[in-house]
Each structure stands twice: as structure tokens, then as C-alpha cells.
Amino acid sequence: MYIGAIDMGGSKTIVAVLNEQFEILTMERFEGHEKDWRKHFDRTVALLDRCTNKLHITTNDLSALGVVPPGMVRNERFLLLAPATGWRDLDMIEEYHYRTGFDIIATDCDVNASAIAESDVTGIKDFLWYNISNGIGAAIIANGENVPGANGVSGELGHVKVEYENPRPCPCGQKGCCEAHASGAAIGRQVLQLANENPRYAKLFSDNGYPVNAYGASLLARENEPISLKVFQEAGKYIGRSIAIGLNVINPPRVFVGGGVSRSLDLLLPEIRHQIEIGTVEFARNVPIEQTNLGYYAALKGAAAIALRKYQKYNGTSRP
Ligand SMILES: [Zn+2]
């Protein structure tokens, strides 16, 4: 079986064909985004053609298509707002049906879709999926299904308040959100500021050829460099406060952490654990916190997973 998958990130778009084991068979990508969403969508469909050509098949051989747009999605259909691109109020299913003619098209936000893929890949049916990349988000998976909330935007643990003394403004309009203090972008901004203030710290990045961002700082932290260790300890404190709220509210049996910053989970985890220890009720506390099994292409696999589920629903076959 062939499944088409489109992952539109804030900074790049990946188009791919996967099989039902979520193995990526072929992939195309482009950086940035078109201001006009119509052009952007047209471009993804052209790349989908190129992907199928490389496999010597046609788009007619795809069983379903999954599309993950870069923003909040209501009712597994409507893109409410994509903050990075400014697109809003788009009927994703209709737009892609119009462009491809496919009947089976699934869409959801990257975090929800990734969480569904985690469940299908591992067979685990109850967990909190916590995503740390440019933003911070979460999805609640119960009995193998995403718990969507009234408008499909449940699990916004990136926008719970975790800093009251010196709250930073958040793109969502609030102040002191976890996302404003501990996302990959927030960590990156802090690293840049520290490097600007401290030439000796800046020199560590240039001497080693590391980028001055969250990833570069994680490499220094692994070499026990104290300023970078402190940065991840701070971020871990905020992320820990946010996860603790999630544990108190839903008491999940397990937490998976995805997103680019999850590669640094080992650096964050001691402080996350500490915050959970002091911020949760006793019986919600002893929960395994693990890195995602999906690797770097979680959202792409997520797009394929929601598409496969829709295909199986239409064709009356049960999920693996
Ligand atoms: Zn916020």
C-alpha cells in the first residue's frame, strides 16, 4: 500500500510516499513558504507527482493522502490559523480534494497526527504526547484515539503559565507561557542573548563550529559547559511545570516527548523530574517519560497515520 503524506512545517515542507508500516519510500522538500497558500498547496501536489514518478507509480496508486498544516486544526478539517504563514480559515479537505481528486484525505495538526502515529507504531493506547520544537504543544491519546476537545485544540500545554516573576510575551497573546520560555525558539533566543553578552561564551560556539542556537548549546552542555547546562536546566524547569499540570489533570500512564528539542531530553529530564516531584499529587507522579519512537520525521509519519486510519475506516478494516 502507498500513502501520500504532506508535512508543512513553519520553515519547510516535506512531501513523501510511505507504506503502511510508515516507512518513507520517497521524499521531496522545499524550504520556506509561499505567501499565497494556493501556490503553496499547488507546489505540494506537484511534488507528490514527482514522488510517485520516482516510484514508477501514479497518484492513482495512492490509497489515501494525509496533510499536516502548520497550525491549529478544528474538527480534523479546518485550518484555523497558521501563525508562521498567516494563512487562516482554510478547508484543508476541500482544497486538497479539488487539487488531487482523492476521496480519502485526512488532516490534523502536527502534534495530534504525530501522537496518532506513536500509538499505531508502538501499539500503546494511552499516553500524553508532548512536543518541543519551535513551539510547544501536546496531545492526549486515550484508548488509541486523540481527545480533541470542543474545538479540536485540547492539550495546549505550551500555553499554560509557568513564569510569574519575569513573564515573557507569547505569540498566543498571554505572558509567561511555557512556549515563551522553553520552546526551541525560546532556548535559541536565550543562547543568542547570552553569547552577545559574553564573548567567552560566544567563542565556544565559533571555536567548535557549533550553531549559536538550542542545538549548539546542547552540544556544549554534553561537554559539561556550565552556561549551556544552566540554559537546559532553566528550560527543563518550565517544561517540567507544564508537564506536571498535564499529569495532575489527566493522570496519563506514560509521556512521549517529540519535536527537535526532544533530542536533548536527557539534558532536560533531571529538572523535569524535580518539577514533577514538587508539582504533582503523589499518585500522578511515577510516570515514564520517554523520547518518541518516531524519530525526526514524526509529523510526516503522523500525516500517513491519520490517512491510513481514514482509509481503514472507509474500507471497514481494523487498525493494526
Ligand atoms: Zn502562549
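What counts and what doesn't
Residues numbered from 1 in each chain as written. Predicted model: local features only at pLDDT ≥ 70, side-chain atom pairs only at ≥ 80, totals over all residues. Heavy atoms only, no water. Salt bridge = Lys/Arg side-chain N within 4 Å of Asp/Glu carboxyl O. Helix = DSSP H or I, 4+ residues; strand = E, 2+ residues; numbered from the N terminus. Buried < 20%, exposed > 50% of the residue type's maximum accessible area, 1.4 Å probe, protein only. Domains from an automatic or database assignment. Contact = heavy atoms within 4.5 Å. Buried area = accessible area lost by both parts, 1.4 Å probe. Phe/Tyr/Trp six-rings, centres within 6.5 Å; stacked < 30°, edge-to-face > 60°.

**Observations regarding the pattern of salt bridges**
Stage number 1. Following the criterion strictly, the structure yields 15 salt bridges and no others.
Stage number 2. The residue Glu28 makes a salt bridge to Arg50 at a minimum N-O spacing of 3.3 Å. A residue pair is termed long-range when its members are at least 10 positions apart, and Glu28 in strand 3 (residues 24–31) and Arg50 in helix 1 (residues 37–54) qualify at 22 residues.
Stage number 3. Glu28 sits in the buried class, given a relative accessible area of 13%.
Stage number 4. Looking at Arg50, the relative accessible area reads 47%, which means it is partly exposed.

**A short note on the domain arrangement of the protein chain**
Stage number 1. Parsing the protein chain into structural domains produces domain 1 (2–107 + 296–315) and domain 2 (135–287).
Stage number 2. Taken together, the contacts link six residues of domain 1 with seven residues of domain 2.
Stage number 3. Each partner contributes to the roughly 440 Å² buried at the junction of domain 1 and domain 2, and carbon and sulfur atoms together form 46% of this total.
Stage number 4. Together, Met72, Arg74 and Arg309 form the three largest contributors to the area buried by domain 1 at its contact with domain 2, with a combined 59%.
Stage number 5. Inspection of the region where domain 1 meets domain 2 yields one salt bridge.

**Thoughts on the packing of aromatic side chains**
Stage number 1. Evaluated as defined, the whole model comprises six aromatic pairs.
Stage number 2. Between Phe41 and Tyr96 the ring centres are 5.0 Å apart and the planes differ by 35°, which places this aromatic pair in the tilted class. Taken together, the positions of Phe41 in helix 1 and Tyr96 in helix 2 (residues 92–100) put the pair 55 residues apart, joining distant regions of the chain.
Stage number 3. Judged by its relative accessible area of 0%, Phe41 is buried.
Stage number 4. For the pair Phe127 and Phe256, a centre-to-centre distance of 5.1 Å together with 85° between the ring planes defines the contact as edge-to-face. Of this pair, Phe127 sits in strand 9 (residues 127–132) while Phe256 sits in strand 12 (residues 255–258), placing them 129 residues apart in sequence.
Stage number 5. Assessed through its relative accessible area of 1%, Phe127 is described here as buried.
Stage number 6. Accessibility expressed as a relative area gives 0% for Phe256, which makes it buried.
Stage number 7. In this structure an aromatic cluster arises from ring pairing among Trp37, Phe41, Trp87 and Tyr96.

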